[in-house]
Amino acid sequence: MFKPIRLLARSVLATSILALLPATAAWAQAYPSKPVSLIVPFAAGGPTDTIARLYGEQLSKTLGQPFLVENVVGAGGVTGTNRAVKAAPDGYTFLVHNVAPHVAGPALYAGATYNPVSDFEPVASLAEAAIYIVVRKDFPAKTLKEFLDYGKANPGKISFASAGSGSATHLACELLKLKAGIDMLHIPYRGTGPALNDLISGKVDMMCDQGLNVGQQLKAETVRALAIAQDSRSKAFPEVPTTREAGLEGLIVNASTAIYAPKGTPAPVIKAVSEALDQAGRSDLILQRLEQLVSERPSGDRMTPDGLKRFTAEEFAKWTTTIKSSGIKIN
Ligand code: MLT
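Residues numbered from 1 in each chain as written. Predicted model: local features only at pLDDT ≥ 70, side-chain atom pairs only at ≥ 80, totals over all residues. Heavy atoms only, no water.

1. What about the nonpolar core?
Within the largest apolar cluster, 51 residues are counted, with the highest numbers of intra-cluster contacts made by L144, F147, L176, M184 and M206. Of all the elements, helix 7 (residues 168–180) adds the most residues to this core, at seven residues. Excluding its chain neighbours within four sequence positions, the residues that come into contact with M206 are I133, V134, V135, F147, I158, S159, F160, A161, C173, L176, M184 and L199. Of all hydrophobic cores here, the second largest spans 31 residues; its members include V40, L126, I270 and L290. (Core = buried A, V, L, I, M, F, W, Y, C linked by side-chain atoms within 4.5 Å. Buried < 20%, exposed > 50% of the residue type's maximum accessible area, 1.4 Å probe, protein only. Helix = DSSP H or I, 4+ residues; strand = E, 2+ residues; numbered from the N terminus. Contact = heavy atoms within 4.5 Å.)

2. A short note on the state of the cysteines
Considering all chains together, one arrives at one disulfide under this definition. Shown here is the disulfide that connects C173 with C208, its sulfur atoms set 2.2 Å apart. Between C173 and C208, the disulfide has an S-S torsion of 95 degrees and is therefore right-handed. With C173 in helix 7 and C208 in strand 7 (residues 206–210), the pair connects residues that are 35 residues apart, well separated along the chain. The two residues C173 and C208 agree in class, both being buried. (Disulfide = S-S within 2.5 Å.)

3. Structural notes on the packing of helix 3 (residues 47–63) against helix 10 (residues 267–282)
One can describe the packing of helix 3 onto helix 10 by two numbers: an axis separation of 10 Å at closest approach and a directional angle of 115 degrees. Classified by the angle their axes make, helix 3 and helix 10 are roughly perpendicular. Once helix 3 is placed against helix 10, the crossing between them reads as right-handed. The residues of helix 10 that touch helix 3, namely those facing Y55, Q58, L59, T62 and L63, are A272, V273, A276, L277, Q279, A280 and G281. Broken down by class, the residue content of the contact of helix 3 with helix 10 amounts to eight nonpolar, four polar and no charged. (Axes fitted to C-alpha atoms, helices over the stretch in contact; angles between N-to-C directions. Parallel < 35°, antiparallel > 145°, perpendicular 65-115°, else oblique. Left-handed = near helix turned anticlockwise from the far one by under 90°. Nonpolar A, V, L, I, M, F, W, Y, C, P; charged D, E, K, R; others polar.)

4. A word on the confidence of the model for the protein
Summarising the model, the protein shows a mean pLDDT of 90, and 91% of its residues fall at 70 or more. Confidence over residues 1–21 falls short of pLDDT 50; this stretch has two contacts with residues more than four positions distant or in other chains. (pLDDT = per-residue confidence, 0-100.)

5. Regarding the site of the ligand
Every residue close to the ligand is listed here: F42, P47, T48, N98, P101, A163, S167, A168, T169, G191, T192 and Q210. Between the ligand and T48, the relevant distance is 2.5 Å, taken from an oxygen atom to a side-chain nitrogen or oxygen of the residue. In this structure, T169 approaches the ligand through a side-chain N or O atom, which is 3.0 Å from an oxygen atom. Mapped onto the shell around the ligand, the elements with two or more residues apiece are helix 3 and helix 7. A breakdown of the residues in the shell around the ligand according to their chemical character gives five nonpolar, seven polar and no charged. Counting the residues that make up the shell around the ligand, at least three belong to each of domain 1 (34–128 + 256–326) and domain 2 (130–228). (Near = heavy atom within 4 Å. Polar contact = N/O pair within 3.5 Å; in protein donor to acceptor, adjacent residues only side chain to side chain. Domains from an automatic or database assignment.)

6. What about the packing of helix 5 (residues 99–108) against helix 12 (residues 305–326)?
Relative to each other, helix 5 and helix 12 sit at 45 degrees, their axes nearing to 9 Å. On the basis of their axis angle, the class for helix 5 and helix 12 is oblique. When the axes of helix 5 and helix 12 are compared, the crossing they make is right-handed. Only F311, T312, E315, F316, W319, T320 and I323 of helix 12 make contact with helix 5, whose side of the interface consists of V99, A100, H102, V103, A104, A107 and L108. Of the residues assigned to the contact of helix 5 with helix 12, the class counts are 10 nonpolar, three polar and one charged.

7. Overview of helix 5
Where burial is concerned, most of helix 5 is hidden: eight out of the 10 residues are buried. For helix 5, the set of buried residues is V99, A100, P101, H102, V103, A104, G105 and L108. Contacts made by the buried residues of helix 5 are with helix 4 (78–86), strand 3 (93–98), strand 4 (120–136), helix 7, strand 9 (254–262) and helix 12.

8. Remarks on helix 10
The α-helix winds at 3.6 residues per turn, so residues separated by three or four positions along the chain end up facing the same way. Compared with the 22 Å implied by 1.5 Å per residue over 16 residues, the 22 Å span of helix 10 between its first and last C-alpha is a close match. By the burial criterion, the buried members of helix 10 are V269, I270, V273, S274, A276, L277, A280 and G281. Buried residues of helix 10, viewed axially, fall in a sector of 160 degrees; they line one side. Facing away from the buried side of helix 10 by more than 90 degrees, the exposed set consists of A267, Q279 and R282. (Expected span 1.5 Å × (residues − 1). Arc of directions from axis to C-beta.)

9. Quick word on unusual backbone geometry
Y31 connects to P32 through a cis peptide bond whose omega is -10 degrees. Summarising the element assignment, P32 is placed in the loop between helix 2 (23–30) and strand 1 (36–40). The residue A75 is not glycine, and still its phi comes out positive at about 50 degrees. With respect to the helices and strands, A75 occurs in the loop between strand 2 (67–71) and helix 4. The partly exposed category is assigned to A75, whose relative accessible area is 33%.

What follows is the structure in structure tokens.
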């Protein structure tokens, strides 16, 4: 056959084969064809923002389009989540959130317009960080026991900062109040970044903060840790006792950052993004960075959509029950 005619015949054949392929397959091959938005419902500079930027950079490299963080802050993460749930489910908007406030939002805020389990497609867990009980540098108590004794003798006097009502840093301190039987004054911020600044400058007394946020300040000794709210001591700060060792039973809280897509986002998109994240999560670059950030790669199968789905449903049940039975409220 004459060459141009042969080429034309081949291209007609290729076009007809493409037309026979399911539309989603051809579409998935082209994904992403424009920048992708990662909604972070807390302030820039905090843990959720830091993790979103860390993985966003890797996604941009692997998938060839910018994955850009958009901070949509307020109401303990509910403002940004309300925005994400309404976004077109086309693979160009994701929500990067801390799992505890994500699932607690509807139990705390009448204005939360979503169900954290049924209105989102889970994509992957990204990082986990222990919660440290930290006080301003010159706070009188030197141990958790002294802190709790002070709290009992001075109801409502200790102020604690959080990333907003319903955030992980708020929920952890509410649990501390319940378990220890003390009352403290809650000062909500729009992210743990600004909350920690006020702890460092001594405007507030304490925080239940994520290692990821407070780790560098603990190293610099601008704040002090009284305990870590997990079963074992951490590698980063082995001198800090666990809550149980320090005399407080049952206060185990972990901050887990995850990524979700609005319900209806095509399965090939979820697969492409979760595989790229899983690959990034195993890389030395991310593992080393997470260690520097006093945090870890999620355990078990939580990097997978199914693993995150199970975890989100368990956390939703746990926090909804805890909030209802304990009377935790927003302020
Ligand atoms: C929280 O729930 O406390 C958030 O992780 C805070 C933040 O990312 O700033």
